[in-house]
Amino acid sequence: MQPPIIRIVSLTLLSALTLSVTAVQASERLSLQKAIELATKQDPILQKQHYQQRATQAQSIAAGTLPDPKVALSMMNLPVDGWQHDREAMTQLKVGVSQQFGRGDELALKRQQLMIASSEYALLRADRTAQIRAQVSQLWLDTYLAERTIALIEQDKALFEQLVDVSKASYANAVGRTRQQDVIRAQLELVQLDDRLNVEYQKRDAARAQLMSWLQSGQTQTAWSDTRLAEGLPSLQVAVPTLFVQGKPDPQRLLNRLTSHPVVLAQDVRIEVAEKGVAIARQQYKPQWGVNASYGHRSDMPDGSSRADFFSVGVSVDVPLFTANRQDQWLSASQADQEAIKTDKLLLLRDLSGQVEKEASQLRRLSERQVLYREQLLQQTYEQAEAALTAYTNDNGDFAEVVRARIAQLNARVAAKQIDVDALKAVARLNYYLTTYQPGAAHE
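Residues numbered from 1 in each chain as written. Predicted model: local features only at pLDDT ≥ 70, side-chain atom pairs only at ≥ 80, totals over all residues. Heavy atoms only, no water.

Asker: Mind laying out the nonpolar core, listing which residues take part and the relevant values?
Answerer: If you look at the biggest cluster of nonpolar residues, it comprises 27 residues, and the most contacted ones within it are Phe244, Val356 and Leu434. If you list the elements that add at least two residues to this core, you get α5 (120-172), α7 (251-258), α8 (262-283), α9 (327-393) and α10 (399-433). Ranked by residues supplied to this core, first place goes to α10 with 10 residues. When sequence neighbours within four positions are dropped, the list of residues in contact with Phe244 reads Val238, Pro249, Val356, Ala360, Leu430 and Leu434. Ranked by size, the runner-up nonpolar core spans 20 residues in total, among them Leu32, Leu141, Trp214 and Val421. (Core = buried A, V, L, I, M, F, W, Y, C linked by side-chain atoms within 4.5 Å. Buried < 20%, exposed > 50% of the residue type's maximum accessible area, 1.4 Å probe, protein only. Helix = DSSP H or I, 4+ residues; strand = E, 2+ residues; numbered from the N terminus. Contact = heavy atoms within 4.5 Å.)

Listed below in structure tokens is the structure:
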């Protein structure tokens, strides 16, 4: 026959094991999708890239336009011994205009080059949007994990507080087999849970502060401490599941997918810009032409006889004859830049491919751990905790074993939640690497 105090408290403990912590209802909960929408809408870099594109487009129009003509006004051949404009036949008031032209197709190529360069910003915005989705997902999930871990620990903390009361009452009344070290052990575990809670609160506050910094515009500041996340985990799926065979990406299909990533397409734009740079460098071997025209007005002679005015027209040209230290070097530099950008693209593809391999491997292992926890570990730790508590309440078990079993169950539940969150974070990162550019999408 078990002591009455043990029976009463054991019933309390067994019923408490079935309870879950009820979350405090907030006026509005922040879902992952809502957080991503707010962060994208208020991101200043996206707005900056819009302005940069407009600036480059305007520059392209200016670069493809002929330089302004030059107008000159001069008084020519004015005698210095009397400064009279009608005494000498060569004295005249001259008005001239001149116009320089580009070398070959230089101006047209410069305009095309800048127009091509401006198209890169649409790709950068697409990449930025994908980065926001990935980064906000990481921070949202980190915050969610900390909040759920806090809830699990607080739930078990209440049970350990009851265990402390049980051990103290049992030890004070000299009933059961409770020893002083059992009381100390229960108190120690309670203190360690408090420390664990403080660590999780620290993680939550740090993650939430970073998350809310994405959601605040420059004009308004949101009281992030009052914002609560949605209670359930979001449903995130790999963007292209058919790309993977048994959890591993198919190399050729992966390469085809990565070539459509915005940052890779941006590299293609840079390569095309560099090609135009090579073409512009080749135009430097061509002569640069210019035309000029002038009209010279002469005053009448002192006796009233008129003098004819003069009109002049001419053509100027500079001929690149010594090209070794100028034109040849510009062409060589442009070609080297083009090859360097092509190399950057190859390195980028290799890096993206490696990141996909890494995330796919992690996701595969996390999926295996999810199955292990759901099908075995969670149930086994629960049964172990139940059995230890039942044995103890029947005066047939050790109090220390009850504590160890309960801690093991808590650790398993926290680890299972960690694995679920890590799997979703891996999916979010993987989906960033599998992003493709969609013209006309929201990032436009």
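Asker: Provide a residue-level description of α10, including the pertinent values.
Answerer: Spanning 35 residues, α10 covers 51 Å between terminal C-alpha atoms, matching the ideal 51 Å at 1.5 Å per step. Where burial is concerned, most of α10 is hidden: 25 out of the 35 residues are buried. (Expected span 1.5 Å × (residues − 1).)

Asker: Which residues make up the pairing of strand β7 (residues 288-297), and what values do they have?
Answerer: Note: strand β3 (residues 92-100) against β7, 8 bridges, orientation antiparallel. Paired with Gln99 across the bridge in β7 is Val291. Pairing of β7 with strand β8 (residues 310-318) involves 9 bridges; the strand directions are antiparallel. Note on β8: the bridge partner recorded for Gln288 is Asp318. (Pairing = 2+ DSSP bridges.)

Asker: Tell me about the sheet that holds strand β2 (residues 70-76), and name the residues and values.
Answerer: Spatial strand order, β2-β3-β7-β8: 4 strands in an open sheet with antiparallel pairing. Since the sheet does not close on itself, it has two edges, and those belong to β2 and β8, each with one partner. Taken over all neighbouring pairs, the strand axes of this sheet differ in orientation by 20° on average, direction set aside. With 7 bridges joining them, β2 and β3 adopt antiparallel strand pairing. Each bridged residue has a counterpart across the sheet, and for Val71 the counterpart in β3 is Val97. (Axes fitted to C-alpha atoms, helices over the stretch in contact; angles between N-to-C directions.)

Asker: So, the packing of aromatic side chains: which residues are in play, and what are the values?
Answerer: Counted under the stated rule, the structure contains 2 aromatic pairs. With a centroid separation of 5.5 Å and an interplanar angle of 10°, the aromatic rings of Trp140 and Tyr144 are classed as stacked. With Trp140 and Tyr144 both in helix α5 and 4 residues apart, this pair spans about one turn of that helix. One exposure class covers both Trp140 and Tyr144, and it is buried. When the centroid spacing of 5.3 Å and the interplanar angle of 65° are considered together, the rings of Tyr432 and Tyr433 count as edge-to-face. The buried category is assigned to Tyr432, whose relative accessible area is 14%. (Phe/Tyr/Trp six-rings, centres within 6.5 Å; stacked < 30°, edge-to-face > 60°.)

Asker: Break down the packing of α9 against α10 for me, with residues and values.
Answerer: It is at 8 Å that the axes of α9 and α10 come closest, and there the two elements cross at 160°. Comparing their axes, α10 and α9 come out roughly antiparallel. Of the two elements, α9 crosses α10, and the hand of that crossing is left-handed. A per-class count over the contact of α9 with α10 returns 25 nonpolar, 6 polar and 8 charged. (Parallel < 35°, antiparallel > 145°, perpendicular 65-115°, else oblique. Left-handed = near helix turned anticlockwise from the far one by under 90°. Nonpolar A, V, L, I, M, F, W, Y, C, P; charged D, E, K, R; others polar.)

Asker: Give a detailed account of helix α4 (residues 106-118), specifying residues and quantitative values.
Answerer: Its 13 residues give α4 an end-to-end C-alpha distance of 18 Å, which sits within 8% of 18 Å, the value for a rise of 1.5 Å per residue. For α4, the full list of buried residues reads Glu106, Leu107, Leu109, Gln113, Ile116, Ala117 and Ser118.

Asker: Give a description of unusual backbone geometry that names residues and reports values.
Answerer: Although it is not a glycine, Asn77 adopts a positive phi angle of roughly 60°. For Asn77, the position within the fold is in the loop between β2 and β3. Judged by its relative accessible area of 41%, Asn77 falls in the partly exposed class. Residues other than glycine seldom take positive phi values, yet Gln246 does so here, at roughly 55°. Examined against the element boundaries, Gln246 turns out to sit in the loop between β5 (244-245) and β6 (248-249).

Asker: Describe the packing of α4 against α8, and please don't skip the residues or the numbers.
Answerer: It is at 9 Å that the axes of α4 and α8 come closest, and there the two elements cross at 170°. Between α4 and α8, the angle falls in the class roughly antiparallel. For the pair α4 and α8, contact is made by Glu106, Leu109, Lys110, Gln112, Gln113, Ile116 and Ala117 and by Val269, Glu272, Val273, Lys276, Gly277, Ala279, Ile280 and Gln283, respectively. Looking at the contact of α4 with α8 residue by residue, the classes come out as 7 nonpolar, 4 polar and 4 charged.

Asker: Could you give an account of a nonpolar patch on the surface, with specific residues and numbers?
Answerer: Residues Leu66, Phe101, Trp289, Val291, Val315, Val317, Val319, Leu321 and Phe322 make up a contiguous nonpolar surface patch of roughly 920 Å² in combined accessible area. For the nonpolar patch, the secondary structure elements donating two or more residues are β7 and β8. Note that Phe322 resides in the loop between β8 and α9. The exposed category is assigned to Phe322, whose relative accessible area is 75%. (Patch = residues over 30% accessible without salt bridge, like charges linked within 9 Å, V, L, I, M, F, W, Y side chains within 5 Å. Areas by Shrake-Rupley, 256 points an atom, 1.4 Å probe, with all protein chains shown as cover. Salt bridge = Lys/Arg side-chain N within 4 Å of Asp/Glu carboxyl O.)

Remember, this is a structural readout, not a statement about activity or role.
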